[in-house]
Amino acid sequence: MKIEQLHNLYLKCKTVCTDTRKLEKNDIFFALKGENFNGNTYAEKALKLGAKYVVIDDEAYNTSSQTILVSDVLKTLQELATYHRLHLNIPIIALTGSNGKTTTKELIKAVLSKKYNTTATLGNLNNHIGVPLTLLSMHNTTEIGIVEMGANHLKEIAFLCDIAKPDYGYITNFGKAHLEGFGSIEGVVKGKSEMYDYLITNKKKIFINANDSIQVEKTKNNKPISFGNTLNVNTYVSFKQAQPFVTSLYNNTEIKSQLIGDYNFNNIAAAICIGHYFKVEDKAIKNAIESYLPDNNRSQIITKGNNKIILDAYNANPTSMRAALLNFEKQKGLKIAVLGDMFEVGKKAMEEHQNIVDLANSLDINKTLFIGENFYKSDIDPLKSQKHLTFDSFKTHFKTLNLKETTLLIKGSRGMALERILELL
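Note that the structure is predicted; figures quoted are calculated from it, not measured.

## Digging into the overall build of the chain
Summing up its helical and strand segments, the chain has 16 helices and 19 strands in all. Its C-alpha atoms give the chain a radius of gyration of 23 Å, near enough to 22 Å, the size a compact globule of 425 residues would have. Along the first, second and third principal axes, the C-alpha set of the chain runs to 70 × 55 × 40 Å. Considering only contacts within the chain whose residues lie at least 6 apart along the sequence, 62% involve residues at least 24 apart. Element-wise, carbon and sulfur atoms account for 47% of the exposed surface of the chain, whose accessible area totals about 19700 Å². With 52 positive and 44 negative side-chain charges, the chain shows a separation of 4 Å between the mean positions of the two kinds.

Written out as structure tokens, the structure is:
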């Protein structure tokens with residue numbers, strides 16, 4: 001079946017589904033394969049649950065007039081997404097970076113939604129499957145699309161750009177994330193900059209943070225749309241304070257966000273710049289940013305009794321961990337940090353974990369509790385910190401603390417699931 005024929009069938013369906021547990025009546029089901037599963041085996045179940053069509057790549061399951069046999073389900077999903085993206089012919093903004101991608105994406109969506117029907121990546125569905133699903137979630141009512149792109153090795157961003165074919169792009173930053181796959185910080189810069197390569201080659205627009213020297217250098221010959229507090233930027237935005245929430249100044253107006261940490265300033269500034277470029281009114285930009293509430297364990301402020309918790313347990317890498325600690329030091333009163341292992345750090349895992357331990361011990365933080373194999377191998381200052389190999393060991397100790405009027409920072413990689421600490425309070 002040609003991709004345009006499949007697209008016509010897709011348009012008759014409610015949405016795309018890849019998991020029968022989430023399937024709804026009149027969906028089109030794509031039978032993806034993974035290391036431990038074969039989606040083709042769910043073809044019959046998908047039809048019984050109400051799927052309008054099922055796309056498979058194993059002839060043994062081609063048992064119905066509603067099954068569509070293709071050579072490769074994943075490749076077909078990606079090709080359909082690109083075809084649909086071109087069919088819609090709307091502006092697509094692509095977003096990548098080491099830290100802050102999802103928060104920045106949500107802020108941009110909040111701002112642009114004040115003027116346009118905007119569809120953005122749901123959660124962090126930002127890989128070779130998530131990007132196609134994001135594009136296929138856009139409909140003829142969508143006026144602007146925002147596509148978040150994640151990567152942990154070279155050539156991945158280039159591949160995702162070929163699928164989404166963005167008209168605009170923004171890289172939040174270049175940090176020590178996914179070093180295991182990229183090999184080094186230089187590898188991170190090269191990998192993320194594949195978005196610049198695509199946009200420049202295809203004569204598309206680039207948004208940059210003019211205060212980031214790498215972004216400026218990488219785009220110096222391509223007239224990027226810039227923001228920051230330097231001369232000759234397209235959108236002048238400056239940082240005022242983060243006590244604890246970030247306040248920015250834009251067009252002589254204070255914008256008081258509900259995001260903590262000065263590291264979130266650039267995420268806010270990017271959303272202001274992109275909103276300004278797409279002619280969203282200043283008042284609407286201010287309202288969108290001030291109304292945005294973080295969720296999903298990202299920089300959330302939670303009150304439990306008389307304790308304040310800064311929950312930032314969605315993910316962690318050396319760059320974001322350092323930024324979180326430096327911001328946490330500025331908090332007032334009794335401060336305890338609970339830090340979990342950072343994953344995908346690669347060959348320098350021990351060095352990077354020790355660096356975080358040393359930083360935490362040097363800061364004005366009353367106590368730091370470390371959890372995980374890498375932190376457990378690190379050398380700590382027993383007067384200021386304590387380490388636990390497992391969460392169960394930490395839990396036993398934590399229950400004895402009897403916290404009162406304490407500010408608690410919780411940060412670690414997703415696999416550490418440190419949001420479980422909330423249940424202990």
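On we go.
## So, the sheet that holds strand E4 (residues 67-69)
Sheet strands pair via backbone hydrogen bonds, and the direction of the pair is either parallel or antiparallel. With respect to topology, 4 strands assemble into an open sheet ordered E1-E2-E3-E4, the strand pairing being parallel. The open sheet has two edge strands, strand E1 (16-17) and E4, and neither has a second partner. Relative to strand E3 (residues 53-56), strand E2 (residues 28-30) is paired through 3 bridges, and the arrangement is parallel. For phenylalanine 29, the partnering residue across the bridge sits in E3 and is valine 54.

## Observations regarding helix H11 (residues 265-277)
Along its 13 residues, H11 runs 18 Å from first to last C-alpha, staying within 8% of the 18 Å computed at 1.5 Å per residue. In terms of residue burial, H11 counts as a mostly covered element, since 10 of its 13 residues are buried.

## Looking at the packing of aromatic side chains
Overall, the coordinates contain 11 aromatic pairs when judged by the stated rule. Considering the side-chain rings of tyrosine 116 and phenylalanine 278, the 6.3 Å spacing of their centres and the 80 degrees angle between planes classify their relative orientation as edge-to-face. Highlighted residues: tyrosine 116 in the loop between helix H4 (101-112) and strand E6 (118-120) and phenylalanine 278 in the loop between H11 and helix H12 (282-291), separated in sequence by 162 residues. Cluster of aromatic residues (ring-pair linked, three or more members): Tyr116, Tyr168, Phe207, Tyr277 and Phe278. The ring of tyrosine 376 has lysine 387 lying over it, and the distance from NZ or CZ to the ring centre is 5.5 Å. The ring of phenylalanine 391 carries arginine 420 above its face, with NZ or CZ at 3.8 Å from the centroid.

## Re the pattern of salt bridges
The tally for this structure, following the rule as stated, stands at 17 salt bridges. In this structure, arginine 21 and aspartate 19 form a salt bridge, with 2.9 Å as the shortest nitrogen-oxygen distance. Classification of arginine 21 by relative accessible area gives exposed; the value is 73%.

## As for the UniProt feature "domain: Mur ligase N-terminal catalytic" (unreviewed entry) in the chain
The residues that UniProt annotates with the feature "domain: Mur ligase N-terminal catalytic" (unreviewed entry) are residues 15-80. The straight-line gap between the two end C-alpha atoms of residues 15-80 is 13 Å; of that span, 21% is helix and 18% is strand.

Parameters at a glance
- Residues numbered from 1 in each chain as written.
- Predicted model: local features only at pLDDT ≥ 70, side-chain atom pairs only at ≥ 80, totals over all residues.
- Heavy atoms only, no water.
- Helix = DSSP H or I, 4+ residues; strand = E, 2+ residues; numbered from the N terminus.
- Rg over C-alpha atoms; globule rule 2.2 N^0.38 Å.
- Contact = heavy atoms within 4.5 Å.
- Areas by Shrake-Rupley, 256 points an atom, 1.4 Å probe, with all protein chains shown as cover.
- Lys, Arg positive; Asp, Glu negative; His and termini not counted.
- Charge placed at Lys NZ, Arg CZ, Asp CG, Glu CD.
- Pairing = 2+ DSSP bridges.
- Expected span 1.5 Å × (residues − 1).
- Buried < 20%, exposed > 50% of the residue type's maximum accessible area, 1.4 Å probe, protein only.
- Phe/Tyr/Trp six-rings, centres within 6.5 Å; stacked < 30°, edge-to-face > 60°.
- Lys NZ or Arg CZ within 6 Å of the ring centre and 35° of its normal.
- Salt bridge = Lys/Arg side-chain N within 4 Å of Asp/Glu carboxyl O.
- UniProt positions renumbered as here; feature names shortened; annotations may be inferred.

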